[in-house]
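A closer look at the structure
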Amino acid sequence: MKTKLIDHLFRHHSGKMVSVLTRIFGLTHLEIIEDAVQDTFIKASISWRKQQPEHPEAWLTQAAKNRVLDILRKISAEKKHIPSLKCGIEAITIKDLFLDSEIEDAQLRMIFTACHPKLHAKDRIAFALKTVSGFNTKEIASALLTKEDTIKKRLSRARKAIQNNKLQFKIPQGKALPERLESVMEVLYLIFNEGFHSNQKKQLVRKELCGEAMRLSQLLLKKEDTRTSENYALFALFCFHSARLDSKINTDNKILDLKTQDRSLWHFPLVELGNTMMTKAVKSNSFSCYHYEAAIAAEHIRASSFESTNWDKILHWYQCLNNLQPMPTHILTMAVVCIQNNDLETAKKYLNDLNPESFTQRAYLYYGTLADYYTAANQLKKAIINIDLALETVTNSQEKEYLQKKKEALLKATS
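Residues numbered from 1 in each chain as written. Predicted model: local features only at pLDDT ≥ 70, side-chain atom pairs only at ≥ 80, totals over all residues. Heavy atoms only, no water.

Observations regarding the overall build of the chain
- Along the chain, the regular secondary structure elements total 18 helices and two strands.
- Once the C-alpha set of the chain is aligned to its principal axes, its extents read approximately 80 × 55 × 40 Å.
- Buried residues in the chain amount to 52% of all 415 residues.
- Summarising the internal contacts of the chain: among those between residues at least 6 apart in sequence, 66% fall at separations of at least 24.
- Element-wise, carbon and sulfur atoms account for 51% of the exposed surface of the chain, whose accessible area totals about 21100 Å².
- Side-chain charges of the chain comprise 60 positive and 47 negative groups, with the mean position of each set lying 5 Å from the other. (Helix = DSSP H or I, 4+ residues; strand = E, 2+ residues; numbered from the N terminus. Buried < 20%, exposed > 50% of the residue type's maximum accessible area, 1.4 Å probe, protein only. Contact = heavy atoms within 4.5 Å. Areas by Shrake-Rupley, 256 points an atom, 1.4 Å probe, with all protein chains shown as cover. Lys, Arg positive; Asp, Glu negative; His and termini not counted. Charge placed at Lys NZ, Arg CZ, Asp CG, Glu CD.)

Given below as structure tokens:
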């Protein structure tokens, strides 16, 4: 139980600690800072075996402050002066920097630093996931659908780019802000997506990641300069998806698709919050990909049953989304919608435009959709062939079990 608590706290607080300590000591000491935070949690895992502190978060904060002194000594050994931090004209004390408002400010600075244009786009995402949300390299590889070695190289390149370009730990101003904000929202979207549909073998839904993405999105909405229609739409999307989290897995820890989910389990206060956010998001005349994705999610939420889903409207929103941001996953989903709408001819056209290599670690989604198409077309042997291909490429054990049940149903139908 203590290990689970430490893992939970590491997920929620390591990014905060790294951000605050970076604000104190600067980006040049980032690796030392990351080591210090890691040490704090290692110390917790040992100290808490005998007795768990009454206030774990406060314990970690105090431990982090103590590590500040260790870092000071380390830096002082290399330099004859201690770096000073200033906010405006007056210096901020270390104690003040652990106030909630200052922690939030430090995390925003870290997010925007991670998304600096001097960093390669792919490196930015990996670096933000590592420093802001405490992802390890395996989790980042899963979220970005790539190999761990590739992620290690990206993190290394990001740190070198920060050092070589002497980047400042601050939120950009003026014309630089909108472009950087776009990159920030992409990172938050990826964090949420890994929680909502995880690639981990044994865990399909990771609520803490969804919560983290929502928390960081709310940080952006708190500041006037970063409060945009796109971020309102993104937060609305998070609300609509999060409302369904409790219905995605049944009591036996089995995956449930939209057709079989118990809609009475949907959390409608989150739906209402999402609707409020969308009202604010559409005050602007320009719509982003987040607007369209939120509109799609809202349409699913609006349907009282799977059968009453307005597939024509969902297809329209997906077409708008794909026109704005062409992606293989959008075309695949458009094929899925057409299958649901019994428009198999159009579904096949969409599927013919795709190849499984485009989906890398999620190629099973392509094969699974192809199996659904052949099932709807009553070509069951071809459906079984594609279900087998999906089973070969899926990594999540719950997804695999879900596909295996589909295969069993097809075999029964052909016998």
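Comments concerning the packing of aromatic side chains
- Applying the stated criterion across every chain, the model contains ten aromatic pairs.
- Seen from their ring centres, Trp 48 and Trp 59 are 5.3 Å apart, and the 75 degrees between their planes marks the pair as edge-to-face. With Trp 48 in the loop between α2 (30-47) and α3 (56-78) and Trp 59 in helix α3, the pair connects residues that are eleven residues apart, well separated along the chain.
- On the basis of relative accessible area, Trp 48 is assigned to the buried category, the value being 1%. (Phe/Tyr/Trp six-rings, centres within 6.5 Å; stacked < 30°, edge-to-face > 60°.)

A word on the state of the cysteines
- Applying the stated criterion to the full structure yields zero disulfides.
- Sulfur of Cys 289: no disulfide; nearest cysteine sulfur belongs to Cys 320 and is 13 Å away.
- Judged by relative accessible area, which is 13%, Cys 289 ranks as buried.
- Here Cys 338 is not disulfide-linked; the sulfur of Cys 320 is the nearest cysteine sulfur, at 14 Å.
- A relative accessible area of 1% places Cys 338 in the buried class. (Disulfide = S-S within 2.5 Å.)

Quick look at the environment of Ala 303
- Following the sequence through the fold, Ala 303 ends up in the loop between α12 (289-302) and α13 (311-324).
- In this structure, the C-alpha to C-alpha distance between Ala 303 and Arg 263, residues 40 residues apart in sequence, is 9.5 Å.
- The residues touching Ala 303, leaving out its near neighbours within four places in the chain, are Arg 263, Ser 308 and Thr 309.

Thoughts on the packing of α12 against α13
- In the contact formed by α12 and α13, the axes pass within 9 Å of each other and the chain directions differ by 165 degrees. It follows that α12 is roughly antiparallel to α13 by the angle criterion. At the point where α12 passes α13, the crossing takes the left-handed sense. Contacts between α12 and α13 involve Cys 289, Tyr 292, Glu 293, Ala 295, Ile 296, Glu 299 and His 300 on the former and, on the latter, Trp 311, Lys 313, Ile 314, Trp 317, Tyr 318, Cys 320, Leu 321 and Leu 324.
- Class assignment for the residues of the contact of α12 with α13 results in eleven nonpolar, one polar and three charged. (Axes fitted to C-alpha atoms, helices over the stretch in contact; angles between N-to-C directions. Parallel < 35°, antiparallel > 145°, perpendicular 65-115°, else oblique. Left-handed = near helix turned anticlockwise from the far one by under 90°. Nonpolar A, V, L, I, M, F, W, Y, C, P; charged D, E, K, R; others polar.)

Quick notes on the nonpolar core
- Counting 129 residues, the largest nonpolar core has Leu 129 and Phe 240 as its most contacted members.
- Among the elements that make up this core, the one with the highest residue count is helix α8 (residues 176-196) (ten residues).
- Taken together, domain 1 (1-98) and domain 2 (327-415) each give at least three residues to this core, which thus spans both.
- Once residues within four sequence positions are removed from consideration, Phe 240 is found in contact with Val 271, Gly 274, Asn 275, Met 278, Ala 294, Ala 297, Ala 298 and Ile 301. (Core = buried A, V, L, I, M, F, W, Y, C linked by side-chain atoms within 4.5 Å. Domains from an automatic or database assignment.)

So, helix α14 (residues 328-340)
- For α14, spanning 13 residues, the distance from its first C-alpha to its last is 19 Å, which sits close to the expected 18 Å at 1.5 Å a residue.
- Among the residues making up α14, those that are buried are His 330, Ile 331, Leu 332, Met 334, Ala 335, Val 337, Cys 338 and Ile 339.
- Where α14 is buried, its residues touch α13, α15 (344-352) and α16 (363-376). (Expected span 1.5 Å × (residues − 1).)

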